[in-house]
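Overview (structure and organization)
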Amino acid sequence: MPAGSDNLKHIVVLMMENRSFDHLFGYLKLENSEIDGIVGNDYANLDSTGEPCRTTDGAIYQGQLVADPGHDVDDVYFQMFGVPFGTPAIGDPNMSGFAQSYEQQGGNAPDIMRCYRPEQVPNTAALARHYAVCNKWFSSVAGPTLPNRAFAHFGTSFGRLDMSPVYFSGKPSIYQRLREAGAQGKIYYYSKQSGTMGLTFLLNNQSDYFGLWGDFESDCKSDRLPQYSYVEPPYYDNGPVIAADQHPDHDVRAGDNFIRQVYEAIRSNDNTWHSTLLLVVWDEHGGIFDHVPPPKVDHPDGFTSTAPLYDFAYYGVRVPALAISPYIEKGFVSQTLFEHASLPATATMQFIGDPKAEAPYERERNANTLLELLTLDGPRDDLPDWSAHPVMLDPTAVSSSAHDAAQLHLDHVNEVHAVLQQRDPVLAATMDPGSVKTEGDAAQFVAKAMAVIHPESTEPGTGVRP
Amino acid sequence: MAFAALTFAISASAADPCDLPAANKNRVWTIHRPHSWLANVEHKQYVEVPRTWCHIWETHGIDRVQKAIDFGRVFFTGDGLHPALGGIVPGSGFAGGLTYNLERASATLPLRYAGSVEARGSYNGFWTAGSKLDIWGSGNSRNDRHIHALLDVEHYELPQLPYFGLGNNSLLANKNLFSLAQTIGGGNIEVPLPAGFFITADVTGLWNSQLGMRGVFSPTIVTPANTPGLGVDTTYLAAGGGFDWIYPVAPRLKGISTSVTTGYHVFHAASGPYSFRRLDALWQSRYTMATKKIELGTISATVRFVEAYAPAGNAIPFYLQPTIGGTDINNVDVLRSYADYRFRAPNLLTLQTEYERTIWGPFALLGFHDVGRVAEQRSDIGIVHMRHSFGAGFIVQVGSLPIMKFYYAWAGEGTHTTYTLNTNNFTFSEPAGVF
């Protein structure tokens, strides 16, 4: 086991709302080229007029995503595959439908490609520089909030894609499983108004499983945190408190400050700090662009959705994630694939037993745990530099626009070409998959082919490099 | 790889009977773009209302209850146009109307807005219309505490409000009815301070039109001599402020929580001898009990104190004096076994204790004991000659917001059964009794 896990007594999860990795963390690539982000203008989606909308900075704190970007399963399908839900997709996701999907919501297409500069989210960026960024944390479901949060609580959504939480009732959550193992897990709502809609159905009348923000602060300060804590940010503007969950169109600064509040609550007691792993992760991308195609689920849990029909074959879109602990190396970038089932899997591994034997559902059994990040033998107490102005790398030096196409891209090109040969043999004869060498070549090839394969759909764009 | 992708696509191609019509509507909507985000708000409702209604009937048991709540949320709340159901003031009867809600954040200023425009009317002639706008500061705040302001303009037509005379010893048999038309325009601001304190300030213009009494028992009992403001229209500029305090600052699930609200307001009458000043204080404390596994409910205690002062030669119009008994014009319940608006006077003191316990999902049981009195003279305020009520009922709440209350109360002058319902969380503040 990693050295730091010997000292780990508490896992704290803060799950924020609806931002993609590129959107929040993308520009950190200019400081650390290991981070799989963006350098600006390096990815594009086509809008409904065929104009490319490129990834750029220029995301503002609020008032930009006035129309809530779509993130129901049908929206995310379109964003990932570039064809409408109900239309067979060709090959793997190409991340080409974000701009047009946002237009469907009444939004301004270029806004969905905009990203924050690290200096705009100084607390989040400082923590990212000081601890670990997870490069490959994908939301568990290509859909909305509750099924994704269900994966955090249960390791599955029981085949559900909708926002009705009643299906949680009576199912073995990580909190109940911890209790059966002699440990404790707790959900800390910010306030009673802020409980995720209806989640009180989860463990009705079992107050020991719940606390509010004041309880969390108090438990941190007195070193009484349970083994597993799940913190919910304020979701609504209420009284003097405004929503800090970062769901569009909530003020991103409020969330950036709340993340720091959680961190500082843990640091309010050295014993708490020296025995805690804080994981900050967003529940789903919220319809906002990310350039990394989600991979297929290697170990499906056997649940499928009937309304609508859906088989959970792919993970959802990539989300930002931070791992924070005194046993994590400064500036570490993890390349391990995580999903939200990794949260109960980590708690299970640390406090119950090997998830392969102890977890009730397949996704959690096979999810990677975060324990591998705790590599330091002793704790480090150095503080993040909250006002850091790091030197940016030259964008051209870290751009991978001319990188060789990965096997994933080449496979995709070949599949698309095979379909094109059936639909339009003449055009297919003029397009040689063998000529595709770079990611940019792959993107252009797929875009050209998809325009013929799906002329009835909105004009396909490309999520890979133009 | 191709096979897996195809499996995904085929399985996704058949949508359920509720989602398919919604998908088709969305597709048509998309073809006829571009749309403004405002138009999209209405389109979303047009799609989601029938979809959530459909989902109710394809489910069973507890799932159906949750789907019904989903439908209610889409149908009654959120951005866009909605029906508004529920009473206007006690005695108005069941009212219905329309409301338009919109939340917006400024891209250029650190401000957030939640606005509501609403009109409601009841079958017996009560109606109200107006708008309000909540504004939050959203600048950089390390502890997420922000300035909150409210602007509102509202008009109320209340054609038959009960009046039993002034004072703690008025008689139930002396019930008369009066009409009141009231227009309110103004705003208030709340600024958070350290340690749970807030400072508040407000300015309001208030126009009242009152057409006298329609006696049910004996109109001669109510005269201008014993009923200040009878048949008189008044116009006020009211200004004031106060300090509030909450403990703990960060909310806790169990244990004690307390809030204190204070206000001091000057009501300057534009004409006539009706200027006055008022001091309000409200103390609320809650104690939530729980064992390790079971929540045992919440006991709460509330004390309200109001004291008013009219300079020499001035009087406080009866329709601006607070009431206790049943439910007051602000929809606050005190002395719940008595008739609505039962006791009216410039000064009052009330003490209430309640016990509330969630029994299942959104349903909670309620038990209470109210004591209180009003006084025409400030010197008469005290814990003597208090009237009291007992009662029990239940509450339906979504989140922690009660959307429906039903209770049965006894003691005092008999029994009183009441329900309250409001489908719109962004509903208006209050008519005159807000002061």
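Residues numbered from 1 in each chain as written. Chains lettered and ligands numbered in written order. Predicted model: local features only at pLDDT ≥ 70, side-chain atom pairs only at ≥ 80, totals over all residues.

What follows deals with the overall build of chain A. Scanning chain A from terminus to terminus reveals 16 helices and 12 strands. A separation of at least 24 residues holds for 75% of the contacts in chain A among residues at least 6 apart in sequence. (Helix = DSSP H or I, 4+ residues; strand = E, 2+ residues; numbered from the N terminus. Contact = placed C-beta atoms within 7 Å.)

Attention now goes to the overall build of chain B. A count of helices and strands for chain B gives four helices and 18 strands. Every one of the 435 residues in chain B was classed for burial, and the buried ones make up 34%. (Buried ≥ 20, exposed ≤ 12 C-beta atoms within 10 Å, placed from the backbone.)

Before going further, it helps to spend a moment on the domain arrangement of chain A. All names here are of chain A. For chain A, the assigned domains are domain 1 (3-25 + 115-380) and domain 2 (41-113 + 400-453). Put simply, the middle of domain 1 and the middle of domain 2, counted by C-alpha atoms, are 29 Å apart. Taken together, the 30 residues of domain 1 in the interface contact 31 residues of domain 2. Going through the elements one at a time, α1 (21-25) and α8 (252-266) are the ones with two or more residues in the side of domain 1 that touches domain 2. In terms of residue class, the side of domain 1 that touches domain 2 is made up of 15 nonpolar, eight polar and seven charged. (Domains from an automatic or database assignment. Nonpolar A, V, L, I, M, F, W, Y, C, P; charged D, E, K, R; others polar.)

On to the domain arrangement of chain B, then. All names here are of chain B. Structurally, chain B comprises domain 1 (2-72) and domain 2 (77-428). Secondary-structure elements contributing two or more residues to the side of domain 1 that touches domain 2 are α3 (37-57) and α4 (61-76). In terms of residue class, the side of domain 1 that touches domain 2 is built from three nonpolar, one polar and one charged.

Right, let's talk about the packing of helix α4 (residues 122-130) of chain A against α8 of chain A for a bit. Helix packing geometry: the angle between the two helix axes and the distance between the axes. Residues and elements named next belong to chain A. The N-to-C vectors of α4 and α8 enclose an angle of 50 degrees; their axes lie 7 Å apart at closest approach. Between α4 and α8, the angle is such that the two are oblique. Residue-level contacts link P122, N123, T124 and L127 of α4 to D256, N257, I259, R260 and Y263 of α8. Considering only residue class, the contact of α4 with α8 consists of four nonpolar, three polar and two charged. (Axes fitted to C-alpha atoms, helices over the stretch in contact; angles between N-to-C directions. Parallel < 35°, antiparallel > 145°, perpendicular 65-115°, else oblique.)

Residue and element names in this part refer to chain A. For helix α2 (residues 73-81), the buried fraction is high: nine of the nine residues fall into the buried class. When α2 is considered as a whole, its buried residues turn out to be V73, D74, D75, V76, Y77, F78, Q79, M80 and F81. Just downstream of α2 lies G82, where phi reads positive at about 80 degrees.

Let us look at unusual backbone geometry. Where the residue is not glycine, phi is negative for most of them; where a peptide bond is considered, it is trans in most cases. P248 of chain A connects to D249 of chain A through a cis peptide bond whose omega is 10 degrees. Residue placement: D249 of chain A occurs in the loop between β7 (228-231) and α8. In this chain, Y247 of chain B is followed by P248 of chain B through a cis amide linkage whose omega measures -5 degrees. With respect to the helices and strands, the residue P248 of chain B is situated in the loop between β8 (234-247) and β9 (255-269).

As a further point, take helix α7 (residues 213-221) of chain A. Think of an α-helix as 3.6 residues a turn; residues three or four steps apart then line up on the same face. All names here are of chain A. For α7, the full list of buried residues reads W213, D215, F216, E217, D219 and C220. Where α7 is buried, its residues contact β5 (185-188), β6 (210-211), β7, α8 and α9 (270-273). Looking one or two residues beyond α7, the residue adopting positive phi is D223, at roughly 55 degrees.

Turning our eyes to something else, we now look at the pairing of β5 of chain A. Residue and element names in this part refer to chain A. The alternating pattern of β5 places G185 and I187 and K186 and Y188 on opposite faces, both of which are buried. Pairing geometry for β5 and β6, over two bridges, is parallel. Paired with I187 across the two strands is F210, which belongs to β6. (Pairing = 2+ DSSP bridges.)

To continue, consider the sheet that holds strand β11 (residues 321-324) of chain A. All names here are of chain A. Spatially, the eight strands line up as an open sheet ordered β6-β5-β7-β1-β8-β11-β4-β12, and their pairing is mixed. In this open sheet, the two edge strands, each paired with only one partner strand, are β6 and β12 (332-338). Sheet strands touched by α7: β5, β6 and β7. Its angle to β5, the strand with the most contacts, is close to 130 degrees.

Residues and elements named next belong to chain A. Among the nonpolar cores identified, the biggest contains 138 residues, and V13, L14, L278, L279, V280, L322 and A323 are the most heavily contacted of them. Among the elements that make up this core, the one with the highest residue count is α8 (eight residues). Excluding residues that lie within four positions of it along the chain, L14 makes contacts with V231, I259, V262, L278 and V280. (Core = buried A, V, L, I, M, F, W, Y, C linked by C-beta atoms within 7 Å.)

Quick look at the pairing of strand β11 (residues 295-309) of chain B now. All names here are of chain B. Judged from the 14 bridges that link them, strand β10 (residues 276-290) and β11 form a sheet pairing that is antiparallel. Residue L279 lies in a different strand from β11, and its bridge partner there is E307. The sheet contact formed by β11 and strand β14 (residues 347-360) spans nine bridges and is antiparallel. Bridge pairing links V306 to L348 in β14.

With that settled, consider the environment of A44 of chain A. Residues and elements named next belong to chain A. Following the sequence through the fold, A44 ends up in strand β2 (residues 44-46). By C-beta crowding, A44 is classed as buried, having 25 other C-beta atoms within 10 Å. C-alpha of A44 to C-alpha of S96: the two residues are 52 residues apart in sequence and 7.8 Å apart in space.

Residue and element names in this part refer to chain B. Summing up the model confidence of chain B, the mean pLDDT is 85 and the portion of residues at 70 or higher is 88%. The least confident element of chain B is helix α1 (residues 2-13), whose mean pLDDT is 38; the most confident is strand β13 (residues 343-344), at 96. Counted against residues more than four places away or in other chains, residues 1-14, with its pLDDT under 50, gives 30 contacts. When the criterion is pLDDT under 50, residues 425-435 qualifies, and its contacts beyond four places in sequence or with other chains add up to 35 contacts. (pLDDT = per-residue confidence, 0-100.)

What follows is about the confidence of the model for chain A. Per-residue pLDDT for chain A averages 87, and the proportion of residues at 70 or more is 88%. Segment residues 456-466 of chain A: pLDDT under 50, and 51 contacts once partners within four positions in sequence are set aside and those in other chains are kept.

All names here are of chain B. Structurally, E48 is set in helix α3. C-beta crowding within 10 Å serves as the criterion here: with 19 such atoms nearby, E48 is assigned to the partly exposed category. Measuring from C-alpha to C-alpha, the distance between E48 and E376 comes to 54 Å, with 328 residues separating the pair along the chain.

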